[in-house]
Amino acid sequence: MTLSPRNRIALLGLSVGLVLADSSVVTVALPKILIQYEVEVGTLAWALISFNLALALAAIPAAALARRRPAPVFGAATVVLAAASLACAFAPTFGVLVGMRALQGVAGAGVVCAALDLLSAATGDEASAARVWALAGIVGASLGPALGGILTQLLGWESIFVIQAPVALLGLVALSGVHARPVPKPGGRPKLAANAALLLVSGALVAALFLLVILLINGWRLDPLAAGLVVTVMPLAGIVATRFGRTISPLWARAASGAILISGGLAALAWLPRAGVLWTIPPQLAVGAGLGLSLSALTERALEGRSGQAVHGGWTIAARHAGVVLGLALLTPIFTADLKQNETAALSAGTAAVLDSQISALDKISVARDVLVAVDEAKPEARIPDVKAVVDHRDDPDYASLGDELQDQLDRAVTNAFSDSFLVAALLGLLALIPILLGRRDVSV
């Protein structure tokens, strides 16, 4: 069977999108994974770190192999990726899950790097191949949390990995009719400035693709499906920005515009006036648009005018996912520490609210005890409880008022707990402007 170039390009793009969706697809499922394996929030981050770290470390060696024999590398890596995905779905322990996620990352590196070279052959134009490759990666990475949330809610978190296996194997059809070709000449040094900017931008995006989802589910008590739908705002904005952002030139200007939008959106998330999904929509639009502009421009810049694209694609993938690891390693301890600190402050404020309420003195003791029990019961799930349901159990406006005030205290505390992390991420986005501006004239970087 011989595929048309259009179908081959679509299948290769699907494979790239699937791998890069894996960097964030389990984000919405993390609370369910936490409950099943009974691990700490800081440990839980390894479900994401292991994949991204393995992908970053394996990308350059995988690209070197893919440069010589892209089709065999793509085929073998796809089979390993599918097998590792199934192993993740049935992992008996969290350690096994982390190990299989790492294997997914290694295999994913082979798929993504080989796909870039195969796309060049399918399109007949390296610039077009780079654009398709970049767009597939942007769509996959940004849609990951939304797809993961929908699958987690409807079929359970294991379904994320079960479904990945046949979808990954579908990519093998793209190899039909592919013939061996001469090994391309080396393309020279990687563009350091573009890759450094990609690292910093990717680190900043961790806050939007990881921490925002944790805030929605664990902090504001949204179901995974609802949280997944909320964060679809970002990929939709990213796709639109990628499509229409090509009118912004030169590339460094598009990349700088994207980095500024990402930083502005993250800063807005840090200063939310109150808990509420609608307050996150404008910042998400800014982050999504910035994602589409910056990642597309920086990827094109890193691959611009290069022969042996797989090698330079390897550097690009390594930079992106090293940035994700940097973001997770930097932001996770900040928000976990802030969460504990704000929880203590919220409980103190809640105690004062109970004492100042209009309910009877004996009932105040009972209500305070019930609230503390609810908070303690929710700790294993790292979730903020619905204290209104605990307090507002009588047809009494004083109880209703107290329930509203206590829930507001907890919601405000958990929202504030993420502020520092969002601000640090915004700073990472701004730091990306340094290599972007330094590399705007030097064609060697």
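Residues numbered from 1 in each chain as written. Predicted model: local features only at pLDDT ≥ 70, side-chain atom pairs only at ≥ 80, totals over all residues. Heavy atoms only, no water.

When helices and strands are counted, the chain shows 19 helices and zero strands. Within the span of the chain, comprising 445 residues, buried residues form 56% of the whole. When contacts within the chain are restricted to residue pairs at least 6 apart in sequence, long-range pairs at least 24 apart make up 85% of them. A total accessible area of about 17,800 Å² is found for the chain, and carbon and sulfur atoms account for 66% of it. (Helix = DSSP H or I, 4+ residues; strand = E, 2+ residues; numbered from the N terminus. Buried < 20%, exposed > 50% of the residue type's maximum accessible area, 1.4 Å probe, protein only. Contact = heavy atoms within 4.5 Å. Areas by Shrake-Rupley, 256 points an atom, 1.4 Å probe, with all protein chains shown as cover.)

Take the nonpolar core next. Counting residues in each nonpolar core, the largest one holds 81 residues, and the members touching the most others are Leu266 and Phe422. Top element by residues in this core is helix α9 (residues 192-219). It accounts for 18 residues. In terms of nonpolar packing, the next biggest core, distinct from the first, is built from 39 residues, Ala62, Ala77, Ala107 and Ala115 among them. (Core = buried A, V, L, I, M, F, W, Y, C linked by side-chain atoms within 4.5 Å.)

With that settled, consider unusual backbone geometry. Across the junction of Ser249 and Pro250, the peptide omega takes the value 0 degrees, indicating a cis bond. Topologically, Pro250 is positioned in the loop between α11 (233-244) and α12 (251-270).

With respect to the element layout, Asn195 can be found in helix α9. In this structure, Asn195 is in contact with Pro190, Ala302, Trp315, Thr316 and Ala319, ignoring residues within four places of it in sequence.

Our focus in this paragraph is the environment of Ser176. Mapped onto the secondary structure, Ser176 falls in the loop between α8 (158-170) and α9. C-alpha separation for the pair Ser176 and Arg8, spaced 168 residues apart in sequence, amounts to 8.7 Å.

This brings us to a nonpolar patch on the surface. Among the surface-exposed residues, Leu86, Phe90, Leu154, Leu155, Val162 and Ile163 lie close enough to one another that they form a single nonpolar patch of about 580 Å² accessible area. Those elements that provide at least two residues to the nonpolar patch are α7 (126-155) and α8. Considering the arrangement of structural elements, one finds Leu86 in helix α5 (residues 70-89). Classification of Leu86 as partly exposed rests on a relative accessible area of 36%. (Patch = residues over 30% accessible without salt bridge, like charges linked within 9 Å, V, L, I, M, F, W, Y side chains within 5 Å. Salt bridge = Lys/Arg side-chain N within 4 Å of Asp/Glu carboxyl O.)

Time to look at the confidence of the model for the chain. Mean pLDDT over the chain stands at 80; residues scoring 70 or higher make up 77%. Averaged pLDDT values over the elements of the chain bottom out at 58 in helix α15 (residues 361-378) and peak at 93 in α12. (pLDDT = per-residue confidence, 0-100.)

Turning our attention to the packing of helix α6 (residues 94-123) against α7. Packing of α6 against α7 brings their axes to within 8 Å, and their N-to-C directions diverge by 135 degrees. In terms of their interaxial angle, α6 and α7 are classed as oblique. α6 and α7 meet at a crossing whose hand is right-handed. Taken together, the residues of α7 that come into contact with α6 (itself represented by Val112, Leu116, Leu119, Ser120 and Thr123) are Glu126, Ser128, Ala129, Ala130, Val132 and Trp133. (Axes fitted to C-alpha atoms, helices over the stretch in contact; angles between N-to-C directions. Parallel < 35°, antiparallel > 145°, perpendicular 65-115°, else oblique. Left-handed = near helix turned anticlockwise from the far one by under 90°.)

Let us now look at the pattern of salt bridges. Pairing between side chains becomes possible if they bear opposite charge and their charged atoms approach one another. Per the counting criterion, the structure on display carries two salt bridges. Put simply, Asp22 and Arg101 hold a salt bridge, and the shortest N to O gap is 3.2 Å. Of the two residues, Asp22 sits in the loop between α1 (5-21) and α2 (30-37) while Arg101 sits in helix α6, which places them 79 residues apart along the sequence. Across the pair, Arg101 and Asp22 agree in class, each one buried. Put simply, Arg254 and Glu300 hold a salt bridge, and the shortest N to O gap is 3.5 Å. In this pair, Arg254 is assigned in helix α12 and Glu300 in helix α13 (residues 277-303), connecting sequence segments 46 residues apart.

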